[in-house]
Structures are given as C-alpha cells and as structure tokens.
Amino acid sequence: MIIEREDGKPVTKEEYIKVAMAQGADEVTANQMWWFSQGYNASDVVEIDKDGKPVGTVPPEEE
Amino acid sequence: MNKYIIDFEPGDFEETAVKAVWLDESAEMPDAWQDYTEKHLGSQHGNQKRHGWRYGKSQPLSRLRRQRQGQGEDEWDEFKRRVRGGVRRPVDPKTGKPPKKAKPKKAKPKKKPEPKKPEKPELKPAGKPVSDGLNLDKLPKKGKYGPPVRDAIDAINQVHGDGNLPEIPVKLNSTTGYHGRISISWDDNPIDIAISRKGDHPMMTSAHEIGHFLDISGLPKGEKTFFSETPSGGFGALGKLRNAFQESRAVKQLTQLVNEPAKTTYIAGFSYTMKPDRNYLNYVLQTREIFARAYAQYIAVRSGNTQMMGELSKELSKIKNAKSFKYAIQWEPDDFEPIADAFDELFKEQGWLQ
C-alpha cells in the first residue's frame, strides 16, 4: 500500500504502520508493506548468494 | 333446625364424591368432628385451627387445586362451581352423551437416518512424514512460540506424507519485517526456515514456509526453483491446481486491486491518501506465494486443527473488515474447495496421499 500525506510531507515508518494498522493490517504485515512501498524486496523467500549474502534489495534483518 | 355438612375430601376434586350427611340435632357430635364444624369467625382468625370452607386447609393443596388457583379460581369460586353442578362436560346433541375421546394416534416408528456416505474416499498420508525433513532442535518444546510451530508440523504429518527431503533447521526470531522466512542458497537448495515471534498466526505461517520448502525440495525439480512455477506444468494435477488458483474469487480480487482508485483517511488530525502498491501486489500474486498460502489453508482445512482453523478465520475476518483495500490473501471456504481438491489430486499423483 502506498500512503502519502496530503500536505506533501514525507510519511515516516511509524506513521505508515499506524495508518496501515488503522486500515486493518496487523503490525508485521504493515511493516512488510512499508518495505515494499520503499522499493525493497520484502518477500518471505530470501535467496542467498555464494558469499552468504541475500540477493537483491532486501530489508535489513532485524532481531 | 337441621344442618348439612358438606364434606369434601381433600385432594383431587374432580374425582371426589360429595357427601351430604343428615345430622340429628339431638345426637351428640363426636369429638373427632369438632374441628370440622368450627364456624368461620373473622375476629378469631388466630385461634381457629382451620380456616375457610374447605377442611384441611392447612394441608397441601392437590395438583388440580393449585392448577385452578393458577388460573385465577379461588376456593370460594370452586365451592360455588361445585354446588352448581361441578364441571359440565360437553354433550353431543345427537347422542346426548359426552363425545368419545379420540384415540391417541399411534406414533409412526421413526426411520433411522441412514449414515451419510462420504462423498469422497478418505485419504491418508503416504510416504515419509514431512517432519523427517525438518530439524527442530533449535525450536523450544515449551513456552508460547515453539509449540504452535511443532503443532503445525504435526498437522501436516496428519494430512500427507512426502518423498525424500533434505533436512533443514526451523528456528524462531523476533523480527517485525515478516511473519516467516525461508532462505534458499544460490544453487536452489533450502537453507533454513525462521518464524517470527511477533506474528499473530504462527501455525499458518509455519505451514506457509513449509509449503515453500516442499515446493522447492519435495515436489519434482523442474526448470524453475519452485515446482509450482514450472512453465511446462500446464497439464495434469499442477495445471489443475494453477487453474484453480486463477479461477478463485480471492485471486481475481487481488488482480483487480491494482485498478482500485486512491482513498483518503484522517488519522490524528492528518489527511492521508492511500493506493494499492504494485510491488506488494506483484509479490502476493506470484504463483509460489499463492501456492504457499493455499498450502497453509489446505493443511488447516484438511487437518481440522482447531488453532489453525482459528488463525485462518481470523485472517478471513481481517480481510472482510479491512477499511480501505481488501487484500484477499486467503480464500473463503466455498472459494477454496476446488483448490483443496486440486491439492488432493497433486499429492495423490506424487504418492503423498492414498
């Protein structure tokens, strides 16, 4: 989901998640949607290259 | 002066005979009768042993009397009714006799409901259990997060088996970036599965990721990493499965979501415009993702696991109640039936069901 503020100011991640959750998404899905909206490949299938690093623009791993 | 004592037996008045006893004034009244002949003296209520016209008032009333009282008839009304001739039964004008009671109809013996024949032959898992390909050493056996993942694997074992699988570890993490994740090496071999503790449907997520695992390593290797995306698989069970995906309302709804107009919402005093994200829609519409989501729902439906079915219905109600765009990532039960049948066929073809 693409979320934009009508006053033109950029939407922060926290703001995005708040709006997405208000529309019915759970927190994790809202987070995943945020990464997709930022152009990342936030798929749950992660390909690992020969060096052991994820292929493509994947979101940073968080624990 | 001559006196009558009208003596009603306490109890069921319908069946009680009324006795009229002629008293000789000169005769002595037996002591035992004294109580029954006391007059009603309003000023001496407290001293009277018995009260009212009916002897034995202090005794419990018969069932009929209680019933009449319930219908609003007090004892005085009853006395008047009985003096006037009691209950008048209806008389048949032709015969002059009370109508004959209708014989109770003999109840027809109920036919025993025939046991429902199962529409389809019951399928049982065949081959090796899927759990043989999963290393659960890093997964806690107790606590909040480990057991649902283990339960999902048990549910899968109940539904179908598989062939030879490589063994990969299943672990937990606490990311908010995804519900679950499967890593694949550059040479198309699965590395591990991770399930987030932050997710709200761990069983469905576990089945989803194991669905990817089977799609990569369990089903026959084709031209692509994922069996479900094999271009030449347009015929047979895989073709039917993919066709069932595309024919489903949920997938059609997702496909049409791209064209949905933007919507506006107000939150905390700010106005936001929302529109569906093509990147996200392309992701959820990938055949491998549809396969994994459908596989998770198939396990929930076919195993009948209560917790898993609960997670599924929660997901469906989230989709139904979404305020802006309805991302139909799971299927309504009727929409899912052809997909479940197609999975049965595919797994029978693979020898995972018999």
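Quick notes on the rules
- Residues numbered from 1 in each chain as written.
- Chains lettered and ligands numbered in written order.
- Predicted model: local features only at pLDDT ≥ 70, side-chain atom pairs only at ≥ 80, totals over all residues.
- Heavy atoms only, no water.
- Helix = DSSP H or I, 4+ residues; strand = E, 2+ residues; numbered from the N terminus.
- Buried < 20%, exposed > 50% of the residue type's maximum accessible area, 1.4 Å probe, protein only.
- Contact = heavy atoms within 4.5 Å.
- Areas by Shrake-Rupley, 256 points an atom, 1.4 Å probe, with all protein chains shown as cover.
- Buried area = accessible area lost by both parts, 1.4 Å probe.
- Salt bridge = Lys/Arg side-chain N within 4 Å of Asp/Glu carboxyl O.
- Expected span 1.5 Å × (residues − 1).
- Phe/Tyr/Trp six-rings, centres within 6.5 Å; stacked < 30°, edge-to-face > 60°.
- Lys NZ or Arg CZ within 6 Å of the ring centre and 35° of its normal.
- Pairing = 2+ DSSP bridges.
- Axes fitted to C-alpha atoms, helices over the stretch in contact; angles between N-to-C directions.
- Core = buried A, V, L, I, M, F, W, Y, C linked by side-chain atoms within 4.5 Å.
- pLDDT = per-residue confidence, 0-100.

Draft legend 1. Spotlight on the overall build of chain B. When you go through chain B residue by residue, the secondary structure sums to 10 helices and 10 strands. When burial is assessed residue by residue, chain B has 42% of its 354 residues classed as buried. Counted over contacts in chain B with a minimum sequence separation of 6, partners at least 24 positions apart contribute 61%. For chain B, the exposed surface amounts to about 21,500 Å²; the carbon and sulfur share of it is 51%.

Draft legend 2. Structural context of the interface of chain A and chain B. Facing 35 residues of chain A, the contacting portion of chain B comprises 46 residues. Taken as a group, Q23(A), V28(A) and D44(A) account for 19% of the area that chain A buries against chain B, more than any other trio of residues on that side. On inspection of chain A and its partner chain B, the count reaches 1 salt bridge. Among the salt bridges present, the one from K318(B) reaches D26(A), with a minimum N-O distance of 3.1 Å.

Draft legend 3. Here's a closer look at the environment of M203(B). Residue and element names in this part refer to chain B. By secondary structure assignment, the location of M203 is in helix α4 (residues 202-218). Between the C-alpha atom of M203 and that of M308, which follows or precedes it by 105 residues, the distance is 5.9 Å. Not counting residues up to four positions away in its chain, the partners in contact with M203 are P148, D151, A152, N305, Q307, M308 and E311.

Draft legend 4. Local environment of helix α5 (residues 236-247) of chain B. Residue and element names in this part refer to chain B. An ideal rise of 1.5 Å per residue puts 16 Å on 12 residues; α5 measures up with 16 Å between its terminal C-alpha atoms. Of all the residues in α5, the buried ones are A237, L238, G239, L241, R242, A244 and F245. Buried residues in α5 make contact with α6 (249-257), α8 (287-303) and α10 (333-349).

Draft legend 5. Summary view of the packing of aromatic side chains. A full pass over the atoms with the stated rule returns 15 aromatic pairs over all chains. Residues Y295(B) and F343(B) carry aromatic rings whose centres are separated by 6.3 Å and whose planes lie at 65° to one another, so their mutual orientation is edge-to-face. Placement of the pair is Y295(B) in helix α8 and F343(B) in helix α10, with a sequence separation of 48 residues. For the pair F343(B) and F347(B), a centre-to-centre distance of 5.6 Å together with 50° between the ring planes defines the contact as tilted. Of this pair, F343(B) and F347(B) both sit in helix α10, 4 residues apart, which is roughly one turn of that helix. Each member of the pair F343(B) and F347(B) is classed as buried. Put simply, the rings of F245(B), F291(B), Y295(B), Y298(B), F343(B), F347(B) and W352(B) pair up and form one aromatic cluster. Here the basic side chain of K50(A) rests over the ring of W186(B), its NZ or CZ set 4.6 Å away from the ring centre.

Draft legend 6. Region of the structure containing unusual backbone geometry. Residue and element names in this part refer to chain B. Even without glycine at this site, D188 takes up a positive phi of about 65°. By secondary structure assignment, the location of D188 is in the loop between β7 (180-185) and β8 (190-196). On the accessibility criterion, D188 (28% relative accessible area) is partly exposed. Despite not being glycine, A268 has its phi angle at roughly 50°, a positive value. With respect to the helices, strands and loops of the structure, A268 is situated in the loop between β9 (263-267) and β10 (270-275). Under the relative-accessibility criterion, A268 is labelled exposed at 61%.

Draft legend 7. The sheet that holds strand β1 (residues 2-5) of chain A, seen in detail. With respect to topology, 3 strands assemble into an open sheet ordered β1(A)-β10(B)-β9(B), the strand pairing being antiparallel. Both outer strands of the open sheet, β1 of chain A together with β9 of chain B, are each paired with one neighbouring strand and no more. In this sheet, adjacent strand axes meet at a mean angle of 30° when their direction is disregarded.

Draft legend 8. Inspection of α10(B) at higher detail. All names here are of chain B. In a regular helix each residue adds 1.5 Å, so 17 residues correspond to 24 Å; α10 covers 24 Å between its end C-alpha atoms and thus fits that length. Listed in full, the buried residues belonging to α10 are D335, F336, I339, A340, A342, F343, D344, L346 and F347. Residues of α10 that are buried sit in contact with α5, α6 and α8. Among the residues trailing α10, G351 stands out with phi positive, at a value near 80°.

Draft legend 9. Examining the nonpolar core more closely. Judged by nonpolar contacts, the single largest core of 85 residues is most densely connected at M1(A), L134(B), I193(B), Y298(B), Y327(B), I339(B) and F343(B). Setting aside its immediate chain neighbours within four residues, F343(B) contacts L241(B), F245(B), F291(B), A294(B), Y295(B) and Y298(B).

Draft legend 10. Broad picture of the confidence of the model for chain B. All names here are of chain B. In the predicted model, chain B carries a mean pLDDT of 83, and the fraction of residues at 70 or more is 79%. Per-element confidence in chain B is highest for α8, whose mean pLDDT is 96, and lowest for strand β2 (residues 19-22), whose mean pLDDT is 49. Scored below 50 in pLDDT, residues 12-20 makes 26 contacts in the model with residues more than four places away or belonging to other chains.

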